[in-house]
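# Commentary on secondary and tertiary structure
Residue-level listing of the chains:
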Amino acid sequence: MQSSSSSTASSSTPPRYAFIDFMDVGSTMTLSQELANLTEDAGQELEAEGNVLFGSIQGLIVGLRYYTGAVNKGEMVSLVREPHNPYDRNAVMVANVYGSQVGHIKKELAAAMAYIMDNKLARVEGIVPYGEKNKFSMPVILTFWGKEENREVVNNLMIGFGFNLDFRGGSSQTSLGRDLLGLSTKLSAIPLSAEELKNAFDKLFDDLMEDKTKEMEPAEAVCTPLLSHQKQALSWMSSRENSNDLPPFWEENKGLYFNVLTNFAVKKRPEKVLGGILADDMGLGKTLTTIALIVSNFHNGKPLPLEKCKGPSMPSAKRKQATSKEKGVDSEESQESMGLSPLKRLHDDTVRENGPQKKTKTTKKKSANTKKVVLLDDVEFAAALECSSSQVVPSKKCVKKSSVPSEISAGSVARATLIVCPLSVLSNWLDQFEQHIRTDVTVKVYLYYGSERNRSVSLLSEQDVVLTTYNVLSSDFGNKASSPLHNVKWLRVVLDEGHVVRNPNALQSKAVLELQSERRWILSGTPIQNSLKDLFMLLSFLKLKPFDVKEWWSRIIQRPVTMGDRVGLKNLQALVKGITLRRTKNSKVGGRTLVQLPERRVFVQYVTLSGMEREKYERVKGEGKNIVGRYFQEGTFMANYADVLTILMRLRQCCCHPSLVGNYTAADVPGTPSELRERLIQKITLVLNSGSDEECAICLDSLRQPVITYCAHVFCRPCICEVIRSEKEQAKCPLCRAQIKTKELVEYPGEQAETRSDTGENWRSSSKALALMSNLLKLRNEDPTVKSMVVSQFTGFLDVLEVALREYGFSFTRLDGSLIQRARAKAIEDFQDSTPGSPTIMLLSLKAGGVGLNLTAASQVFVMDPAWNPAAEDQCVDRCHRLGQSRDVVITKFIVKDSVEENMVKIQKKKQELVDKAFGVKNSQDAKQARIDDIRALMEL
DNA sequence: ACCGCCGGGTGCC
DNA sequence: ACCGCCGGGTGCC
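Within each chain, residues carry numbers counting from 1 in the order of the written sequence. Written order decides the labels, with chains lettered from A and ligands numbered from 1. For this predicted model, a pLDDT threshold of at least 70 governs which residues receive local features, and a threshold of 80 or more governs which side-chain atom pairs are given and counted, while totals over whole chains, interfaces and linings are taken from all residues. The side-chain numbers reported here are obtained from all heavy atoms of the structure, hydrogens and water having been left aside.

This is how the line gets drawn: UniProt positions are given in the numbering used here, feature names are shortened, and annotations may be inferred rather than shown by experiment.
If you look chain A up in an unreviewed UniProt entry, it shows as Helicase-like transcription factor isoform X2 from Danio rerio. For the record of chain A, the UniProt heading Subcellular location (unreviewed entry) holds the text "Nucleus".

Laid out in C-alpha cells, this is it:
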C-alpha cells in the first residue's frame, strides 16, 4: 500500500488555483496542461472543444425492433463503434440519451464512418429528426465534428464511400443547423457576447438562496446553536434529501415522465437525485451544517437514533481520548498513531470558530482521566466504544465485539455517512464533531485512515460517520483487491472541498463515482474552479442524468453555453439553481449580511538590495540571460522550459537571500545513467520546490507520488504507469513523445533531500529579512499579542528567517510541506493558542496547508515574495481573514526594487486586466507567444 | 416491411 | 428454362 506520508504534501494542497500559471493568471490552464496541449496528441481523448463542424448527412438507424431504446422527435442519440460485432466489424451502435440501445447505423454508412471514428478524425453525433414511431428503422441526422485540419480527409473518405457531407446544416443560422448543434431556436438566435457570457458565468453560483429561507432546527444532539443561515441550509439540505420531486427538467404528464431538455419520455418515474451542492463561502459553517444534517435527517425525516451515554454526562471527546489511551495500554501497535495522530491531538484542542460554549483543556483532561478508570471496569462498554469512536482498535476485536443494539444496525437500512475530504481538513472534521455534538450522546465516527484502518464492510456500515481522505479512497480503489468503502451501501456520501475532484479521468474521480449511496453531497466554497467543465464532474457524482455522461453534458449544456446560446445558459442556470445552495460573505438574510468580516488592507513595501546582494543578483541574472537568450536563438525555448523556470526561480531566490542560490547546473550534459539519475533527481526536486505547485499533465491534479521521466517531465507515478501499461512498448511521454519505460522513472526522494542552504552558523542577513524583522519588532513593541503569518515560496528562505527570529527572541512555529500531518496539526494548534507565551509567528510555505486551514490567530500577513499567481496569495491570506477573525487584517508584501519581482508584479497586473476584460480562451499559439513574451520581459531580454 | 431481397416454383395466351 | 415472372418467406449489425 502506498504510504500515507508520501501523499501528505500534495493532498493537503487542493489545487484551488493553478499556482504556476504565471503567463495567464486566471485562465483555465496550468503550465503542464498547456505544454500538453502544445504537444500534439497528448493522449487526451478527442474533446469536443475546439472542434469545428464538418457537415452533416442523413442516415438510417436500422434494427429498431431488436432493441428497447426509444427516441422521440428531435432527440439526440449517441453513436458508438462496435469493432467486435460478429456480423460487421464496422458496426456503429446507436443509443439514446439514457443509454438504451436504439439500433445500428445501416451498414453501408457504418462502413464509411468506422474508419473516421476509429481514427478520431471526427466525432459523429446523431439527432433523430422524425420517424420516432417507426418500427423497423428511423432516419438520423449525423453531424461530423473535428479539427479543422481533418476536414478535408474526412470529406474525401465519405465521398469515397459515396456520401457527401452536406454543409448547409453547419451555419447555425438555420433552425435545422441550430438543432443539430443542440442549440435552441425558440428564444433568440442572437448569441451571447463574450462579456455577457462571462457575466452570466460569474453569476452562476451567486447567491442561490431565494426561496431557500425556510429554517429548520437541528436535532437535540447538536449542542451548538445554529445561525439563521445555517438553519436555512439545514432545512434546504433536508428537503433535498427527503424530496419526492422529480429531478430537474422532468415533468409528469398523464402517467408519462417527460424530460423537457432531451425530449425523452418514460413510463417509469426517473430516479430521484437526493442531495446537491452546498457551495457556501468558506467560513459560513458548511461543516457544522453538514453535521447537523447527519444527526437530524435520518430516514423518514427523523433524527439519527443515537446511543445515550451511560452514567453522568461524559463528553464524547473525553471518551475518545480515554479509549485511545487505554488502547495504548493493551496494544502492541504503537506506530499505529502515525496516521491517526490528528485525532489524538484534537482532543486537546481548544475551541476554535463558532464556539459559544467553550470547553477548556483542563476540564477535558480531568474528566478523561476519571473516565479511563470507569472504562476499565466496564469491559462491555469499552468494547462498544472502541468500535464507535476509537479508530485505533485492531480489526478482529472490533468486528467480534461490535454489538450495536440498534434496530437499524441490521444492515437492511443504510445508516452510515461517508465523508471524504482532503487530508488537511481531516482533523477539522473530528474537531467539529466533538465540538458540536452534545456530550451525552455518541455519534459513532470512524476515521478510516492510516495503515491500521479497519476494512470490515460490516463495521463500516454500522458507523454513523466514516471519515476518510481522497487519497485513501482512491488508493483503496486502485488496489484491485476489493475496496471496503465501495462495498458499503452508504446512506449519504459527502465530498468535502468537492472541487478537488474535477478531472473525470483521474483515479480519485472514478473512485468517488463508484461509491454506492442513497444521498450525495458536495461541499465546496468554489464549485467551479476554472471553467464550466468542472461542473460536469459534480453532476456526474450526483448522478444527475443524463448530465453524468460526458457526451450529453457537452451536447446539451457545455457546447450550447460556450457558443453563446441563451437557452443553453438558461438551462444551465436552472440546473445549478435546482441543486445548489450558495451564500457568500456578502449575502443578506433579512437585510443583514451573514457574517461581518473585519477589514483587510494590503501594503507593498519596496526593498532595496544591498551592494553585495545586487552584485550577486546581477551575476545570476547575467548567466540566466545568456542561457535563456541562447534557447531563444536556438528555438529550443519550450523544450528547455524546466531550465528556464529554474533560472527564474534562482533570480527570485536572490531577491530573498543570496545564500539560497546554489551553483548553476542546467547546462550540464547528462552522461551515464547514474549521472542522469542524479540530474533528474535534482530537477524534480527543483520543480517541486519551486513553489509553482506543478500539476501532473495526465490527471491535471497536484502531483501525487511524483516521478520524473528520462525526458525530464514530472508526473504522478500512478498516472504515468497507467499510460505505460496501456501503451505497452509503444509508451511515449505525454509531453514530448519520447519513449518511456516504467523502470526508467525516477522517484522524488522527498523534501529531506532538499539541500539546506548554508544558514545556521553562517547566518548573514538579507535586505528582505531585515525589512521583515523591523516590521515584526515594531509590531511587538506596539502590541506583543499580535500574531503574524510570514509566507514564502522558498522553504530555504524560511530557514534563514528562523535564525533571525531566534536571534531576536521571537517564539514561532512553522508549517511547510515537509511536516507530517501530526506535526502540521501541532504547529497550527500552537499558533492558534492564545495563552501568553504562545508563538506569535507562523512561518508558512505558500504551498503548504490547504484551503481549510484556519489561522485566524494571525492578523498580520507578510508575503515575502510574489507568487506567479496572485490568487495563491489571496488564498493564503484567506486563511486568517475568515470567520473567527476579530482584528483587522494587514497584509504586507515585500517587493525588491529593480528585480524580477517587480516585473512579475507588472505582468500580474497586466494579466489581471486582461482577465477582467474578456472571458474568451485564447488559442494555444497566442498563449505560447504570450508566455515567451513574458519571459522575455521577466529576463529583460 | 404498404418495402427490397432471396430463392424456389414455374413457364403462351 | 443457361431466361423472366410470380408470390411466399423473410428481415440489423
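### Some words on the protein's contact with DNA strand C
As a reminder, the rule being used: Summary of the distance rule: residues count as near a molecule or strand when at least one heavy atom falls within 4 Å of that molecule or strand. Contacts described as polar in this section are N or O atom pairs within 3.5 Å, which, within protein, must combine one atom able to donate a hydrogen with one able to accept it, while residues neighboring in sequence count only if both atoms come from side chains. Note that Gly is not counted as nonpolar here; it falls among the polar residues with everything else outside the nonpolar set of Ala, Val, Leu, Ile, Met, Phe, Trp, Tyr, Cys and Pro and the charged set of Asp, Glu, Lys and Arg.
Around DNA strand C, the structure places 13 residues, and the nearest of them are Tyr66, Tyr67, Tyr87, Asp88 and His104. Among the atoms of DNA strand C close to the protein, meaning within 4 Å, 48% are from sugar or phosphate groups. Here a base oxygen of DNA strand C and a side-chain polar atom of Asn85 are 3.2 Å apart. Separating a sugar or linking oxygen of DNA strand C from a side-chain N or O atom of Asp88 is a distance of 2.5 Å. Split into classes, the residues belonging to the surface near DNA strand C amount to six nonpolar, three polar and four charged.

### A few points about the sheet that holds strand β6 (residues 137-146)
Note the threshold: Two strands make a pair as long as DSSP finds a minimum of two bridges between them. The helix and strand labels rest on DSSP assignments: H or I over at least four residues marks a helix, E over at least two residues marks a strand, and numbering proceeds from the N terminus. Between the N-to-C directions of two axes lies an angle of 0 to 180 degrees, each axis being a line fitted to C-alpha atoms and, for a helix, fitted only over the stretch in contact. We call two residues in contact when some of their heavy atoms are within 4.5 Å.
Strand order in the closed barrel formed by six strands is β1-β4-β3-β2-β5-β6, and the pairing between neighbours is antiparallel. Taking the axes of each pair of neighbouring strands and ignoring which way they run, one obtains an average angle of 40 degrees across the sheet. In the packing of helix α4 (residues 151-160) onto the sheet, the strands contacted are β1 (52-62) and β6, and the crossing angle to β1 comes to about 30 degrees. Contacts between helix α19 (residues 550-562) and the sheet are confined to β2 (76-81), β3 (92-96), β5 (123-127) and β6, with β2 contributing the most and set at about 140 degrees to the helix.

### A look at the pairing of β5
Rule in force here: Partly exposed describes any residue whose relative accessible area lies between the buried limit of under 20% and the exposed limit of over 50%, with all areas from a 1.4 Å probe on protein chains only and scaled to the type maximum.
With four of five residues buried, β5 is to be regarded as a mostly interior element. Two elements, β2 and β5, share two bridges in a ladder whose sense is antiparallel. Its bridge partner lying in β5, Met76 is registered against Ile127. Relative to β6, β5 runs antiparallel, the two being bridged by five bridges. If you follow Val124 over to β6, its bridge partner there is Phe144.

### Digging into the sheet that holds strand β24 (residues 746-747)
With antiparallel pairing, three strands are arranged side by side in an open sheet as β23-β22-β24. Looking at strand neighbours, the two that pair on one side only are β23 (714-716) and β24, the edges of this open sheet.

### Considerations on the nonpolar core
Just so we agree on the cut-off: Here, the term nonpolar core denotes a set of buried Ala, Val, Leu, Ile, Met, Phe, Trp, Tyr and Cys residues that are joined through side-chain atoms within 4.5 Å. For every domain, the bounds stem from an assignment made automatically or drawn from a database.
Counting 98 residues, the largest nonpolar core has Phe433, Trp490, Leu535, Trp553 and Leu572 as the members making the most contacts within it. If you count residues domain by domain, this core takes at least three from each of domain 1 (52-180) and domain 2 (277-589). Ignoring sequence-local partners within four residues, the contact set of Leu572 consists of Leu204, Leu532, Leu535, Trp553, Ile557 and Val561. Within the second largest apolar cluster, 53 residues are counted, among which are Phe637, Met638, Leu801 and Ile841.

### Notes on the packing of aromatic side chains
Definition in use: Two rings from Phe, Tyr or Trp (for Trp, the six-membered ring) form a pair when their centres are within 6.5 Å of each other. A pair whose planes differ by under 30 degrees is stacked, one over 60 is edge-to-face, and the rest are tilted.
Counted by the stated rule, this structure contains eight aromatic pairs. Centre to centre, the rings of Trp236 and Trp521 are 5.5 Å apart; their planes meet at 65 degrees, and the pair counts as edge-to-face. Taken together, the residues Trp236 in helix α7 (residues 228-242) and Trp521 in strand β17 (residues 516-523) connect sequence positions 285 residues apart. This pair shows no difference in class: Trp236 is buried, exactly as Trp521 is. A centroid spacing of 6.2 Å and a plane angle of 35 degrees characterise the contact between Trp429 and Phe433, whose relative ring orientation is tilted. Taken as a pair, Trp429 and Phe433 lie in helix α14 (residues 423-436) at a separation of four residues, close to a single helical turn. Of the two residues, Trp429 and Phe433, both sit in the buried class.

### A short note on the pattern of salt bridges
Opposite charge on two side chains permits pairing when their charged atoms draw close. Note the threshold: Each salt bridge in this description consists of a side-chain nitrogen of Lys or Arg and a carboxyl oxygen of Asp or Glu lying within 4 Å of one another.
Overall, the coordinates contain 33 salt bridges when judged by the stated rule. A salt bridge links Arg600 to Asp878; the shortest N-O distance between them is 3.2 Å. Of this pair, Arg600 sits in strand β21 (residues 600-607) while Asp878 sits in helix α28 (residues 870-878), and the two are 278 residues apart along the sequence. Classification of Asp878 as buried rests on a relative accessible area of 15%. As a salt-bridge pair, Lys826 and Asp830 come within 2.9 Å of each other at their nearest N and O atoms. Of the two residues, Lys826 and Asp830 are both situated in helix α27 (residues 821-832); the distance of four residues between them amounts to about one turn of the helix. Assessed through its relative accessible area of 45%, Lys826 is described here as partly exposed. For Asp830, a relative accessible area of 25% puts it in the partly exposed group. When salt bridges that share partners are traced, they join Arg123, Glu125, Glu551, Arg555 and Arg559 into one network.

### Considerations on the environment of Ala70
If you trace the backbone, Ala70 turns up in the loop between β1 and β2. Spatially, the C-alpha atoms of Ala70 and Asn96 are 6.9 Å apart, while their sequence positions differ by 26 residues. Residue contacts for Ala70: discarding those within four places in its chain leaves Asn96 and Phe264.

### Some points on the pairing of strand β8 (residues 256-259)
Alternating positions in β8 separate cleanly, Tyr257 and Asn259 being buried on one face and Leu256 and Phe258 remaining unburied on the opposite face. Examined bridge by bridge, strand β7 (residues 250-253) and β8 share four bridges and lie antiparallel to one another. Across the sheet, residue Glu251 finds its bridge partner in β8, namely Phe258. Between the end of β7 and the start of β8, which pair antiparallel, lie two residues, with Lys254 showing a positive phi angle near 50 degrees. Summarising the sheet, β8 and strand β9 (residues 265-266) pair through two bridges and their orientation is antiparallel.

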